[in-house]
2 protein chains.
Amino acid sequence: MKSVASLPNNLSEEKTDLSTLVKLVEDEMGLVEEWLRTNLIDDNPFVEDLLKQVFLAGGKRIRPLIVLLASRATAPRQEEFSRLHIILAVLTELIHTASLVHDDVIDKASVRRGQETINKRWNERLAVLMGDLLFAQASICLARIMNPTVVGIYGQVLGDLCAGEIKQMRQQFSTTVDWELYKIKSVGKTASLFAAGSHSGAILNGCPNNTIQSLKDYGLNLGLCFQIVDDLLDVTASEEQTGKPVGGDLRNGVITAPSMFILEGGGKNAARLKELIDSRAVLEDGGVQEALKIIRDGGGVDKTIELAGDYARKSKECLSVLPDSQYKSALASLSDYVMNRTC
Amino acid sequence: MKSVASLPNNLSEEKTDLSTLVKLVEDEMGLVEEWLRTNLIDDNPFVEDLLKQVFLAGGKRIRPLIVLLASRATAPRQEEFSRLHIILAVLTELIHTASLVHDDVIDKASVRRGQETINKRWNERLAVLMGDLLFAQASICLARIMNPTVVGIYGQVLGDLCAGEIKQMRQQFSTTVDWELYKIKSVGKTASLFAAGSHSGAILNGCPNNTIQSLKDYGLNLGLCFQIVDDLLDVTASEEQTGKPVGGDLRNGVITAPSMFILEGGGKNAARLKELIDSRAVLEDGGVQEALKIIRDGGGVDKTIELAGDYARKSKECLSVLPDSQYKSALASLSDYVMNRTC
């Protein structure tokens, strides 16, 4: 990725260590892992192996971390932290993982987190079912929370996820630059779940509305930053870093911020990138490499870093409503981490 | 299908007209249709068209009918019939429809209800997403019901649906006769949702436990009958009747009751059927036609009718716990309908 020298003000240039943030809610994160390890069992050993592959293959668990830090940051008394917050964290990770499994079917992806995907290793049919199984587990968790507002929020997230992907599919290989649509798709694909995770804990904690709204905005901005950095890493990071092939979005006809900045810039670069996309040359190695070079050299990367930085900064501003605490600081550090992550 | 002369006792030989049963809960069924017509809207007209195709392409709405009749049959006072029962009926149909859309991806089916499937007309990616969207809508409905027991029941149904399909996939082309496994798969694929629909209304009505349990058993037995008749129609009915190709299960390596009776019978028929399945000859027209002839002529159809009839009879027996009413009678007639249906 381009040097952090181009980071906007108000964002830490130091590398934030995720494990330091995890330490603050270490016990709770342990309970989340335990839930995932012990509840996803099936009387079919084959299915159980698959579930293990999906969950224990790594994954940074950023979404459960957001849930737990935000829940702690808004808990009226620390000892009152409840079982429901753990289920909320589990639920958030389950929805994320289920959507990854179906995304891999949709994108015909063969590698995820450096491992073969289910659709590649076995077949698409099994991947559809495994995703459904995880969504079903998420529905059961959601049910246990028994809070109508939270249930409504996560129901909306599920709808947003699908609507975002369908919009993306319908826009495949489109070189029309529409930033509003890009934002809507990014909310659907990513930020909607981040926002659900960041403010549902505050709802369970009975917080006032302005706290709840601010935490929702924190998650929404953080999620947008996360998605934009994801789109950036598709252009800048190596397969070793991300566990996914470089330029995978372009190959799938998914046109994101780094390309959009070039396309709206006009001139020779825009014309050539448009040609590579329109002609489907980006489906081949040669075409995708040329497109990536245009994006990197033409300023697409710098402008995307700036855009992501704006959302990271906004997310931190939303935290001002919270009383000072180590959890509040950790949420701010998480914005830095998401902005600076390289994998 | 074989003549009804072979029907077990206690089952009506007269053709039950579904529309007579629907008439009893006509207003409520109208509200279900209205919900499906007005709530499944999307800001993307393409998605909205797809949703319409999926829902307005027919479908007998048997599951909402079970929910409404069973809810009415157990309502303490008829005027107290609530909005929640309508949502329960909608939810049940949504889960059914979502699972059909994903089943068509899994089975690579090209025709459903006489229409091209989404995966055939567009692609598998869109079908995965459309199924997810419908499951998400179902989760939102489930959430609105706000009853922890009902939510748990439907959460279990979602898990059962996937587990049933995964078991079926793992047993593809297996000629080992295992009736227990066949029952478990049939519960997962079909009867679990029937049972959820048949007893959740009684839970919302605050009925005593034995009423709730009896209605659950009614749905479970009716669902098993329904699935067995489905497996039978795959062998006996024409594509015009079912809207699906004849012998589709065999072509997909799904070995069901009609084949299992032949396989366990031993002798020449069993050996030849096993050979046709083992050699994958059933993937071709010639092989599947020979297999169907063996099943029909070898008694597979008769024995399957008998098995389905047993479950239909059991389902009717479960109704004895209910006070007499037109709704109770309609539920009994529904068992006859499911047993005698030819499409």
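Everything numeric in this text was worked out from a predicted model, so none of it was measured. (Residues numbered from 1 in each chain as written. Chains lettered and ligands numbered in written order. Predicted model: local features only at pLDDT ≥ 70, side-chain atom pairs only at ≥ 80, totals over all residues. Heavy atoms only, no water.)

A. Broad picture of the overall build of chain A. Along chain A, the regular secondary structure elements total 17 helices and two strands. In terms of overall size, chain A behaves like a compact globule, its C-alpha atoms giving a radius of gyration of 20 Å where 343 residues would be expected to give roughly 20 Å. Across its three principal axes, chain A shows a C-alpha extent of roughly 60 × 50 × 30 Å. Within the structure as shown, chain A displays about 13,400 Å² of accessible surface, and the carbon and sulfur contribution to it stands at 48%. Taken together, the 38 basic and 45 acidic charged side chains of chain A have centroids lying 2 Å from each other. (Helix = DSSP H or I, 4+ residues; strand = E, 2+ residues; numbered from the N terminus. Rg over C-alpha atoms; globule rule 2.2 N^0.38 Å. Areas by Shrake-Rupley, 256 points an atom, 1.4 Å probe, with all protein chains shown as cover. Lys, Arg positive; Asp, Glu negative; His and termini not counted. Charge placed at Lys NZ, Arg CZ, Asp CG, Glu CD.)

B. Examining helix H16 (residues 300–317) of chain B more closely. For H16(B), built from 18 residues, the straight-helix expectation of 26 Å at 1.5 Å per residue is met to within 8% by its first-to-last C-alpha distance of 26 Å. Close packing links the buried residues of H16(B) with helix H9 (179–204), helix H10 (209–236), helix H13 (257–265), helix H15 (285–297) and helix H17 (326–340) of chain B. (Expected span 1.5 Å × (residues − 1). Contact = heavy atoms within 4.5 Å.)

C. Molecular detail of the pattern of salt bridges. The tally for this structure, following the rule as stated, stands at 32 salt bridges over all chains. B:Arg272 is the partner of B:Glu275 in a salt bridge, and the nearest nitrogen-oxygen pair spans 3.3 Å. Taken together, the positions of B:Glu275 and B:Arg272, both in helix H14 (residues 267–278) and three residues apart, correspond to about one turn of that helix. Using a relative accessible area of 30% as the deciding quantity, one classes B:Arg272 as partly exposed. Within this structure, A:Glu33, A:Arg61 and A:Glu93 form a network of salt bridges that share partners. (Salt bridge = Lys/Arg side-chain N within 4 Å of Asp/Glu carboxyl O. Buried < 20%, exposed > 50% of the residue type's maximum accessible area, 1.4 Å probe, protein only.)

D. Molecular detail of the packing of aromatic side chains. A full pass over the atoms with the stated rule returns six aromatic pairs over all chains. Across the ring face of A:Phe226, the terminal group of A:Arg63 is positioned such that the distance to the ring centre comes to 5.2 Å. Against the face of B:Phe173 rests B:Arg280, its NZ or CZ located 4.0 Å from the ring centre. (Phe/Tyr/Trp six-rings, centres within 6.5 Å; stacked < 30°, edge-to-face > 60°. Lys NZ or Arg CZ within 6 Å of the ring centre and 35° of its normal.)

E. Examining the relation of the copies chain B and chain A more closely. Expressed as a screw transformation, the operator carrying chain B onto chain A has a rotation angle of 180 degrees and an axial translation of 0.0 Å, and the superposed copies differ by an RMSD of 0.0 Å. Here the transformation between the copies is reduced to the relation of a two-fold axis. When the interface residues of chain B are mapped onto chain A, 97% of them again lie at the interface, so the same face is used by both copies. (Least-squares fit on C-alpha atoms with pLDDT ≥ 70 in both.)

F. Seen up close, the interface of chain B and chain A. Of the residues lining the interface, 37 residues belong to chain B; the matching set on chain A comes to 36 residues. Around 3,400 Å² of area is buried between chain B and chain A when both sides are counted, 73% of it from carbon and sulfur atoms. In terms of surface lost to chain A, no three residues of chain B exceed B:Arg125, B:Leu129 and B:Ile166, which account for 20% of the buried area on that side. In this structure, the connection of chain B to chain A is made through five residue pairs in polar contact (both at pLDDT 80 or more). When the residues that make up the side of chain B that touches chain A are grouped by side-chain class, the tally is 21 nonpolar, eight polar and eight charged. (Buried area = accessible area lost by both parts, 1.4 Å probe. Polar contact = N/O pair within 3.5 Å; in protein donor to acceptor, adjacent residues only side chain to side chain. Nonpolar A, V, L, I, M, F, W, Y, C, P; charged D, E, K, R; others polar.)

G. Representation of the layout of surface pockets. Residues and elements named next belong to chain B. Here the second largest pocket is characterised by a volume of approximately 1,100 Å³. In terms of lining, the second largest pocket is formed by 43 residues, of which the most central are Leu-100, Asp-103, Arg-112, Asp-230 and Lys-244. Among the secondary structure elements, those contributing two or more residues to the lining of the second largest pocket are helix H4 (62–73), helix H5 (83–106), strand E1 (111–112), helix H8 (148–170), H9, H10, helix H11 (239–242) and helix H12 (248–251). Tallied by class, residues from the lining of the second largest pocket come to 13 nonpolar, 11 polar and 19 charged. (1 Å grid on protein atoms, 1.4 Å probe; cavity = no way out; pocket = protein on both sides within 12 Å on 5 of 7 lines; lining within 4 Å. Points joined across faces, edges and corners; volume = space filled by probe spheres on them.)

H. Examining the side chain of B:His102 more closely. Among the secondary structure elements, B:His102 is positioned in helix H5. A polar side-chain atom of B:His102 sits 2.6 Å from a polar atom in the side chain of A:Asp132. Those residues in contact with B:His102 that sit more than four places away from it in its chain are A:His102, A:Val128, A:Asp132, B:Ala127, B:Val128, B:Gly131, B:Asp132 and B:Phe135.

I. Focus on helix H3 (residues 45–56) of chain A. Taking 1.5 Å per residue, 12 residues should reach 16 Å; H3(A) reaches 16 Å between its end C-alpha atoms and fits that length. Burial in H3(A) covers these residues: A:Phe46, A:Val47, A:Leu50, A:Leu51, A:Gln53, A:Val54 and A:Phe55. Summarising the contacts, the buried residues of H3(A) are in contact with helix H2 (26–39), helix H5 (83–106), strand E2 (115–116), helix H6 (118–121) and helix H7 (124–145) of chain A together with H8 of chain B.

J. View of unusual backbone geometry. A positive phi angle is found at A:Lys108, which is not glycine, with a value near 50 degrees. When you line up the elements, A:Lys108 lands in the loop between H5 and strand E1 (111–112). The backbone phi angle of B:Phe173 is positive, close to 65 degrees, even though this residue is not glycine. Structurally, B:Phe173 can be placed in the loop between H8 and H9.

K. Spatial organisation of the packing of helix H4 (residues 62–73) of chain A against helix H17 (residues 326–340) of chain A. All names here are of chain A. Contact pair H4 / H17: the axes reach a minimum separation of 8 Å and the direction vectors enclose 150 degrees. When the axis of H4 is compared with that of H17, the two are roughly antiparallel. Note on packing geometry: the crossing formed by H4 with H17 is left-handed. Listed contacts from H17 to Ile-62, Leu-65, Ile-66, Leu-69, Ala-70, Arg-72 and Ala-73 of H4 are Tyr-327, Lys-328, Ala-330, Leu-331, Leu-334 and Tyr-337. Residues belonging to the contact of H4 with H17 are distributed by class as follows: 11 nonpolar, no polar and two charged. (Axes fitted to C-alpha atoms, helices over the stretch in contact; angles between N-to-C directions. Parallel < 35°, antiparallel > 145°, perpendicular 65-115°, else oblique. Left-handed = near helix turned anticlockwise from the far one by under 90°.)

L. Highlighting the state of the cysteines. Scanning the entire structure with this criterion turns up zero disulfides over all chains. Here A:Cys162 stays unpaired: no disulfide links it, and the sulfur of B:Cys162, its closest cysteine neighbor, is 14 Å away. Free cysteine: B:Cys318, not disulfide-bonded; nearest cysteine sulfur from B:Cys225 at 12 Å. (Disulfide = S-S within 2.5 Å.)

M. Representation of the environment of B:Met169. Its location among the elements puts B:Met169 in helix H8. With 15 residues separating them along the chain, B:Met169 and B:Ile184 place their C-alpha atoms 14 Å apart. Ignoring sequence-local partners within four residues, the contact set of B:Met169 consists of A:Asn123, A:Arg125, A:Leu126, A:Leu129 and B:Ile106.

N. Region of the structure containing the environment of A:Asp249. On the secondary structure map, A:Asp249 appears in helix H12 (residues 248–251). Taking the C-alpha atoms as reference, A:Asp249 lies 9.1 Å from A:Asp107; in sequence the two are 142 residues apart.

O. Quick peek at the side chain of B:Glu124. Structurally, the position occupied by B:Glu124 is in helix H7 (residues 124–145). Leaving out residues up to four positions away in the same chain, B:Glu124 has contacts with A:Glu124, B:Val105, B:Lys108 and B:Asn119.

P. Quick look at the packing of H8(B) against H9(B). All names here are of chain B. It is at 8 Å that the axes of H8 and H9 come closest, and there the two elements cross at 165 degrees. Considering the angle they form, H8 stands roughly antiparallel to H9. The element H8 and its partner H9 pack so that their crossing is left-handed.

Q. Structural view of the confidence of the model for chain A. Residue and element names in this part refer to chain A. Per-residue confidence for chain A gives a mean pLDDT of 89; residues scoring 70 or more make up 93%. Within chain A, no element has a lower average pLDDT than helix H11 (residues 239–242), which sits at 78, and none a higher one than helix H13 (residues 257–265), at 98. The low-confidence segment residues 1–7, where pLDDT is below 50, has 19 contacts with residues more than four positions distant or belonging to other chains. For this predicted complex, the interface confidence comes out at an ipTM of 0.80, alongside a pTM of 0.86. (pLDDT = per-residue confidence, 0-100.)

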